[in-house]
Amino acid sequence: MKYVETLKNSERFCLHDSKISKIEFIDNKLLLNFSEGFYEAGDAKQKKNCKLTYKFMIEEDVELNLSVFKETSKKKKEIKFIDFAEAVKKYGFKIYREFRCGFTTQIILEGNTPKGSYSILTQEIDEIIYEYDN
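So, how was this worked out
Residues numbered from 1 in each chain as written. Predicted model: local features only at pLDDT ≥ 70, side-chain atom pairs only at ≥ 80, totals over all residues. Heavy atoms only, no water. Pairing = 2+ DSSP bridges. Helix = DSSP H or I, 4+ residues; strand = E, 2+ residues; numbered from the N terminus. Axes fitted to C-alpha atoms, helices over the stretch in contact; angles between N-to-C directions. Contact = heavy atoms within 4.5 Å.

Draft legend 1. A look at the sheet that holds strand E3 (residues 19-26). Across the sheet, 10 strands lie side by side as E1-E12-E6-E4-E3-E9-E10-E11-E7-E8; this open sheet has antiparallel pairing. Edge strands, defined here as strands with exactly one partner in the open sheet, are strand E1 (2-5) and strand E8 (75-79). Each neighbouring strand pair of the sheet contributes to a mean axis angle of 25 degrees, computed without reference to strand direction. Of the strand pairs in this sheet, E3 and strand E9 (residues 93-101) are connected by 2 bridges, and their pairing is antiparallel.

Draft legend 2. The arrangement of the pairing of strand E4 (residues 29-36) in detail. In the sheet, E3 pairs with E4 via 7 bridges, with the strands oriented antiparallel. Counterpart to isoleucine 23 in the pairing with E4 is leucine 32. Where E3 hands over to E4, the hairpin turn is made up of 2 residues, of which aspartate 27 adopts a positive phi near 50 degrees. With 5 bridges joining them, E4 and strand E6 (residues 48-56) adopt antiparallel strand pairing. Considered in E6, the bridge of leucine 31 is made with threonine 53.

Draft legend 3. Quick peek at the environment of glycine 37. Locating glycine 37 in the fold gives a position in the loop between E4 and strand E5 (39-40). Placed 17 residues apart in sequence, glycine 37 and isoleucine 20 show a C-alpha to C-alpha distance of 8.1 Å. In this structure, glycine 37 is in contact with Ser18, Gln46, Lys47 and Cys50, ignoring residues within four places of it in sequence.

Given below as structure tokens:
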């Protein structure tokens, strides 16, 4: 199945308790693959073979506005996306909070790996594409 939404739509899916196994940035899109899928609102059954794509409202030559923070000793420190992507590939990233803001077109995902807690802040989101098996 495939479902496309904008941040102005009501949330149809929830990423809480899902686990990302791979994250990458390709062609102005942030791609997330899940080892433990997301949920549809009002349904307690976790979706299978889940992929999520954040499509950004940016020009080809504009730098992506994406920040990753690692929380250590009650401080947050910005880290490189590539370092975070490697940690996700090695350990997975379990999401415990998703915050969406439609008027600023941004999403914050908070979660952890066995090596620490992280926050991902993305801005300028045009579409969110959910793909999954029923």
